[in-house]
Amino acid sequence: MKRVSISEIVKKPSILDSVDDVIEVVNKKTNEVKGVFISAKDLPYVKDMIEELEYRRWLKRNKKGLKASYKELSGIFDEAIVELGERL
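Counting from 1, residues in each chain are numbered in the order their sequence is written. Totals for whole chains, interfaces and linings use every residue, but because this is a predicted model, local features are given only for residues with pLDDT of at least 70 and side-chain atom pairs only at 80 or more, for both listing and counting. In computing side-chain values, all of the structure's heavy atoms are included and hydrogens and water are not.

1. So, the nonpolar core
Residue types Ala, Val, Leu, Ile, Met, Phe, Trp, Tyr and Cys, when buried and joined through side-chain atoms within 4.5 Å, form a set referred to as a nonpolar core. Accessibility here uses a 1.4 Å probe with only protein chains present; expressed as a share of the type maximum, an area under 20% marks a residue as buried, one over 50% as exposed, and anything in between as partly exposed. Listed in full, the 5 residues of the largest apolar core are V4, I9, V19, I23 and V25. In this structure V4 touches I9, I15, I23, E24, V25 and V26, once residues within four positions along its chain are discounted. Note on contacts: a residue pair is in contact if any heavy atoms of the two residues lie within 4.5 Å.

2. Considering the packing of aromatic side chains
What counts as a ring pair is set by centres within 6.5 Å for rings of Phe, Tyr and Trp (its six-membered ring), and what kind of pair is set by the plane angle: stacked under 30 degrees, edge-to-face over 60, tilted for all other angles. Inspection of every chain in the model, using the stated rule, returns 1 aromatic pair. When the ring of Y55 is compared with that of W58, the centres are 6.2 Å apart and the planes differ by 25°; the resulting orientation is stacked. Separated by 3 residues within a single helix, Y55 and W58 lie in helix 2 (residues 43-73), roughly one turn from each other. When its relative accessible area of 38% is taken as the criterion, W58 is described as partly exposed. The helix and strand labels rest on DSSP assignments: H or I over at least four residues marks a helix, E over at least two residues marks a strand, and numbering proceeds from the N terminus.

3. Considering the sheet that holds strand 1 (residues 2-5)
When DSSP finds at least two bridges between two strands, those strands are taken to pair. Spatially, 3 strands are ordered 1-2-3 in an open sheet, and the strand pairing comes out mixed. Strands with a single pairing partner mark the edges of an open sheet, and in this sheet they are strand 1 and strand 3 (32-37). Ignoring strand direction, the axes of neighbouring strands in this sheet form an average angle of 35°. The sheet contact formed by strand 2 (residues 23-27) and strand 3 spans 5 bridges and is antiparallel. Within the sheet, the bridge partner assigned to E24 lies in strand 3 and is V36. Inter-axis angles, ranging from 0 to 180 degrees, are taken between N-to-C directions of lines fitted to C-alpha atoms, where helices are fitted over the stretch in contact.

4. Here we look at the pattern of salt bridges
Only one rule defines a salt bridge in this text: a Lys or Arg side-chain nitrogen within 4 Å of an Asp or Glu carboxyl oxygen. Counted under the stated rule, the structure contains 4 salt bridges. Linking E32 and K34 is a salt bridge whose minimum nitrogen-to-oxygen distance equals 3.5 Å. Residue K34 is classed as partly exposed on the basis of its relative accessible area, which comes to 49%. Its salt-bridge partner being R56, residue E52 comes within 2.8 Å of it at the nearest N-O pair. Here the residue E52 and the residue R56 both occupy positions in helix 2, the gap between them amounting to 4 residues, near one helical turn.

Spelled out as structure tokens, the structure:
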């Protein structure tokens, strides 16, 4: 894995065009990893992982709403089954 600083990418964005490896994007001042860059040719290998990450982020953002709607809808299916049973 190669390490490239944010400032290097800002100065010369074409660095990312010639990447054949995974790159760790770092802040050279703090030595903190800010992200990881993968080449588009490697996308099929990590596509499932990206979808899982997107789902987990979506779930985290919507957790409150999902809990509220669950409380509102709890018992609705039981009521519907009872009503269908009565009609049959």
